[in-house]
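If you want the building blocks of each chain, they are given just below.
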Amino acid sequence: MLTTDASQARYLIDPTRLDLAREFRRMPRGHYSLELQQVLYRMRWSGVGQRHVLLMLEPGRRWMLAQLPERRGEPLKTFPEQVFTSIADAEWTVFCLRWELLTGESISNLNLD
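The sections below set out a description of the structure shown in this document. (Residues numbered from 1 in each chain as written. Predicted model: local features only at pLDDT ≥ 70, side-chain atom pairs only at ≥ 80, totals over all residues. Heavy atoms only, no water.)

Another point: the overall build of the protein chain. Assigned secondary structure in the protein chain consists of three helices and three strands. Counting from the amino terminus, the protein chain carries its helices and strands in the arrangement α-α-β-β-β-α. Relative to its 113 residues, the protein chain shows a buried fraction of 34%. A separation threshold of at least 6 residues defines the contact pool for the protein chain, and within that pool the share at least 24 residues apart is 44%. Of the accessible surface of the protein chain, which amounts to about 7700 Å², a share of 50% is contributed by carbon and sulfur atoms. (Helix = DSSP H or I, 4+ residues; strand = E, 2+ residues; numbered from the N terminus. Buried < 20%, exposed > 50% of the residue type's maximum accessible area, 1.4 Å probe, protein only. Contact = heavy atoms within 4.5 Å. Areas by Shrake-Rupley, 256 points an atom, 1.4 Å probe, with all protein chains shown as cover.)

Structure (structure tokens):
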């Protein structure tokens, strides 16, 4: 049986690679370098639940920050105070949360524009 265990991940995100965060900030919808793609794969594969995601409220107009449940079938945890009207800002917020979770370093307050 195939399982996913985040503790088995081999790719570690280097918290000093702010150039990769800048690259994502500039182009949140892609064309990524190979190194940034590896970071995104790692962020998207974090094992069981509790990953931050975006919940679409109005197609193409509004998104809310949410967090997957620990187990499938349980309700999402939503953050009604975190509603976005820009997909770029929404995806940047999720990127920063996942970066901090995996590196222990916060980048949300850095000016990476």
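As a further point, take the sheet that holds strand 3 (residues 77–84). Within a sheet, adjacent strands bond to each other through the backbone by hydrogen bonds, running parallel or antiparallel. With respect to topology, three strands assemble into an open sheet ordered 1-2-3, the strand pairing being antiparallel. Edge strands, defined here as strands with exactly one partner in the open sheet, are strand 1 (52–58) and strand 3. When strand polarity is set aside, the average angle formed by the axes of neighbouring strands in this sheet is 35 degrees. Two elements, strand 2 (residues 62–67) and strand 3, share five bridges in a ladder whose sense is antiparallel. Bridged to Gln67 within strand 3 is Lys77. Set on the sheet, helix 3 (residues 87–103) makes contact with strand 1, strand 2 and strand 3; between it and strand 1 the angle comes to about 160 degrees. (Pairing = 2+ DSSP bridges. Axes fitted to C-alpha atoms, helices over the stretch in contact; angles between N-to-C directions.)

A word on helix 2 (residues 34–44). Buried within helix 2 we find Leu36, Gln37, Val39, Leu40, Arg42 and Met43. Residues of helix 2 that are buried make contact with helix 1 (18–26) and helix 3.

This part is about the nonpolar core. Within the largest apolar cluster, 15 residues are counted, with the highest numbers of intra-cluster contacts made by Leu36, Trp92, Phe95, Trp99 and Ile107. If you list the elements that add at least two residues to this core, you get helix 1, helix 2 and helix 3. In contact with Trp99, other than residues within four places in its own chain, are Ile13, Asp14, Pro15, Arg17, Leu18, Ala21, Val39, Met43, Gly104, Glu105 and Ile107. Within the second largest apolar cluster, six residues are counted, among which are Leu65, Phe79, Ala90 and Val94. (Core = buried A, V, L, I, M, F, W, Y, C linked by side-chain atoms within 4.5 Å.)

Another point: the packing of aromatic side chains. Summed over the entire model, instances satisfying the criterion amount to five aromatic pairs. Pairing Phe24 with Trp92 gives two aromatic rings, centres 6.5 Å apart and planes at 25 degrees, and the pair type is stacked. You can see Phe24 sitting in helix 1 and its partner Trp92 sitting in helix 3, a full 68 residues away along the chain. With centroids separated by 4.3 Å and ring planes inclined at 10 degrees, the aromatic side chains of Phe24 and Phe95 adopt a geometry described as stacked. Of this pair, Phe24 sits in helix 1 while Phe95 sits in helix 3, and the two are 71 residues apart along the sequence. For Phe24, a relative accessible area of 4% corresponds to the buried category. Put simply, the rings of Phe24, Tyr32, Trp92, Phe95 and Trp99 pair up and form one aromatic cluster. (Phe/Tyr/Trp six-rings, centres within 6.5 Å; stacked < 30°, edge-to-face > 60°.)

From the geometry alone we can't say anything about function, so treat these as descriptive.
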